[in-house]
Amino acid sequence: MAKVVAFSAGRRNGNTEIYVKTALMEIEKMGIEVELIRLHECDIRPCKACPRGICFVKGPEACILKDDVPWLWKKFMESDGYILGAPVWSLSPCGVVTDFRDRLFGPKMDVAGWELHGGMPEWAKEYGKKYRPGGLISVGGALSKHWTSLGMATLFTTTFSAQTNVVDTLDVHQVADPGEALMREDYLLRA
């Protein structure tokens, strides 16, 4: 059975999570298994930028940082589709999105780079190479998109190295107060 994993960088039951859950419920109606992972409830430490670190050679489990990143990486690799939702508080998404991107993806997960350097590394072969469809949800409270302008752009940076094919995006603004997402039927329908 196909599976879509959604990573939410928003608050538990907050506006971002409301839109992510709405998307997951629609996916589930199609007979596809879904899973929601709350990034703020995970231990994700910032990358230490080791010079050509061990994670390149042996994969995320070999990283010097011992946190939830190897588990998150496996969740992504085992998925057949990917959703990332994040709130935008000041032009760009909250910091956990950057840590998530830098630790899970980046050069070590560069499918094109693998092809240039002799193929998939041994540590990734168990999962095989997949080109996943993805969806991105950026949620900001600002009155105009100008103040949320880096939200979607930053979410896209998680998709490049793993060759995720973004099939849809939801770029929300003017949704700031707790639960306000439920009042915006236009955005709920898009989700």
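Parameters at a glance
Residues numbered from 1 in each chain as written. Predicted model: local features only at pLDDT ≥ 70, side-chain atom pairs only at ≥ 80, totals over all residues. Heavy atoms only, no water. Core = buried A, V, L, I, M, F, W, Y, C linked by side-chain atoms within 4.5 Å. Buried < 20%, exposed > 50% of the residue type's maximum accessible area, 1.4 Å probe, protein only. Helix = DSSP H or I, 4+ residues; strand = E, 2+ residues; numbered from the N terminus. Contact = heavy atoms within 4.5 Å.

A. View of the nonpolar core. Formed by 32 residues in total, the largest nonpolar core has its most connected members in Phe-7, Leu-39, Leu-72, Phe-76, Leu-84, Phe-100 and Met-109. Contributing elements (two or more residues each) for this core: β1 (3-8), α3 (69-78), β3 (81-90), α4 (95-104), α5 (111-116) and α6 (149-156). For this core, the leading source of residues is α3, giving five residues. Excluding its chain neighbours within four sequence positions, the residues that come into contact with Phe-7 are Ile-37, Leu-39, Leu-72, Lys-75, Phe-76, Tyr-82, Ile-83, Leu-84, Gly-85 and Phe-100. Core analysis: the next-biggest nonpolar cluster, separate from the first, contains 17 residues, Val-4, Ala-6, Tyr-19 and Ile-83 among them.

B. Inspection of the environment of Leu-24 at higher detail. Position of Leu-24 among the secondary structure elements: in helix α1 (residues 15-29). Taking the C-alpha atoms as reference points, Leu-24 and Val-34, ten residues apart in sequence, are found 6.3 Å from one another. The contact partners of Leu-24, leaving out residues within four places of it in the chain, are Val-4, Ala-6, Val-34, Glu-35, Leu-36 and Ile-83.

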